[in-house]
Every structure is written in C-alpha cells, then in structure tokens.
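Letter by letter, the chains look like this.
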Amino acid sequence: AIYSIEIHAYCLMPNHYHLLIRTPMGNLSKAMKHLDGVYTKRFNRFHGRDGALFRGRYKAILVDADSYLLQVARYIHLNPVKDKLVFKPEEYLWSSYVPYLKHPDPTPLILRGSLLSYFENSQDLAVSLQRFTEEGIDPEIKQFYSRKKLKPYLGHSKVSDTLVLD
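Counting from 1, residues in each chain are numbered in the order their sequence is written. It should be noted that, the model being predicted, local features are given only for residues of pLDDT at least 70 and side-chain atom pairs only at 80 or more, the latter also being counted only at that level, while totals for whole chains, interfaces and linings use all residues. Hydrogens are left out, water is left out, and the side-chain values use all remaining heavy atoms of the structure.

(A) View of the overall build of the chain. Assigned secondary structure in the chain consists of 6 helices and 5 strands. Each helix (α) and strand (β) of the chain, taken in turn from the N terminus, gives the series β-β-α-β-α-α-α-α-α-β-β. Three exposure classes are used, based on accessible area relative to the maximum for each residue type with a 1.4 Å probe and protein chains only: buried under 20%, partly exposed in between, and exposed over 50%. When the 166 residues of the chain are sorted by exposure, 39% land in the buried category. Considering only residue pairs separated by 6 or more positions, the chain has 66% of its internal contacts joining residues 24 or more positions apart. In the structure as shown, the chain presents an accessible area of about 10,200 Å², 55% of it carried by carbon and sulfur atoms. Strands are runs of DSSP state E lasting at least 2 residues, helices are runs of H or I lasting at least 4, and numbering of each runs from the N terminus. Residue contacts follow a heavy-atom distance rule, with two residues in contact if any of their heavy atoms lie within 4.5 Å. For the accessible areas, the method is Shrake-Rupley and the probe is 1.4 Å, while residue cover comes only from the protein chains on display.

(B) View of the side chain of His8. Looking at the secondary structure, you find His8 in strand E1 (residues 6–12). Apart from the residues within four sequence positions on either side, His8 is in contact with Leu20, Ile21, Arg22, Ser96, Tyr100, Ile110, Leu111, Ser114 and Leu115.

(C) Structural view of the environment of Lys151. Along the chain, the position of Lys151 falls in the loop between helix H6 (139–146) and strand E4 (153–154). On a C-alpha basis, the gap between Lys151 and Ile61 in space is 7.3 Å, while along the polypeptide they are 90 residues apart. Apart from the residues lying within four places of it in its own chain, the contact partners of Lys151 are Ile61 and Phe144.

(D) Focus on the pattern of salt bridges. Any carboxyl oxygen of Asp or Glu within 4 Å of a side-chain nitrogen of Lys or Arg constitutes a salt bridge here. If you walk through the whole model with that rule in mind, you get 3 salt bridges. The partner of Glu135 in a salt bridge is Arg74, and the shortest N-O contact between them spans 3.6 Å. Of this pair, Glu135 sits in the loop between helix H5 (125–134) and H6 while Arg74 sits in helix H2 (residues 65–82), and the two are 61 residues apart along the sequence. Residue classification places Arg74 among the buried residues on the basis of a relative accessible area of 5%.

(E) Quick peek at H2. To get the bend at a residue, fit one axis to the 7 residues ending there and another to the 7 starting there, then take the angle between the axes. For H2, the principal kink sits at Ile76 and spans about 30 degrees; a proline, Pro80, occurs within the next four residues. For H2, the tally of buried residues reaches 14 of 18 residues, placing the bulk of the element in the interior. Directly after H2, the chain includes Lys84, whose backbone phi takes a positive value near 60 degrees.

(F) Quick peek at the pairing of strand E2 (residues 17–22). In terms of burial, E2 is largely enclosed, as 5 of its 6 residues are buried. In this description, strands pair whenever DSSP reports at least two bridges between them. Relative to E2, E1 runs antiparallel, the two sharing 6 bridges. Bridging from a neighbouring strand, Glu6 pairs with Arg22 of E2. Here E1 hands over to E2 after 4 residues, the two strands then running antiparallel side by side.

None of this, on its own, says anything about what the molecule does.
Rendered as structure tokens:
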C-alpha cells in the first residue's frame, strides 16, 4: 500500500506485461519504477540472471472507464490466447483471469468489484464475465491496439483516471 494503486486486471507475458490499474494518488511514475525495480531484482535473483527484463519504458494509456474498462480487461485476459500461448484464457496461470472465475476471490491483490459490477444483474457474475470474455476482443479495441503508435488515451470526451499499461 505504499503507492495505493488499485489492480483491476493483469497479464504477465514472456516479454512484456499488461496492467489495468487505477492510481488515486496520481503517482503512476513512482509506482511503476518501484514495481519494475522490485520485480526485476526478485526475478533475476531467483533465476540467477542480471539486467533488464523488459525493454523500453512502460506505456500508459488513460482509459475512459465507463466505456472501455470491461473491454480492456477482456483484451488483457485474452492476450495469451491471441499470442497462441494457450487455447483458453483460463489455461494461462500468469494473469488475473482465473481469480475472477473463482468463488471466493483467492487473490485479495485484485479489485474484482469494478469489472464484476457490470454483471450485477446476472445470477452468476463469474460465469457472465467468462461468457463476455469468450466472445473475443472487440473490433474497436483490436484496432486501437494494432496501431504502431498508440494514442495516450482510449475513450471519448470524458476520460476517467483508470490506466492500462503495456
């Protein structure tokens, strides 16, 4: 709780990672520097390695949470499927997708409420989220992420303070 970031979704890929986070204190740069530093040190120590794990600086994209939060989470959770690492997102162990499907939440690290609230009229929130995810990546989101140079925001005129990082 040093930086008070709220994690809504994540996926650790072989050469990059995706985070869907909210930074209520506006300290994204400090939080990311800490996260990258601590993770890299621990990973390198465990694997007997040295040096950087990820190339380049993180990319922060401001996301209009009202319109795109669920879409971006789905994109993140389907990333291992898109990259042909697994056939189904629940087969990938290094993402927040499986904890969303479990009852009760096995990982207090993830704030599941924001995403699951979109399905509050449903009998089973996790099943509804799973069905939504299995529908595939929205064409608008696919087009957004396929650009060589990503825009710094995803949304319309009103943009919230939720961020996704690639």
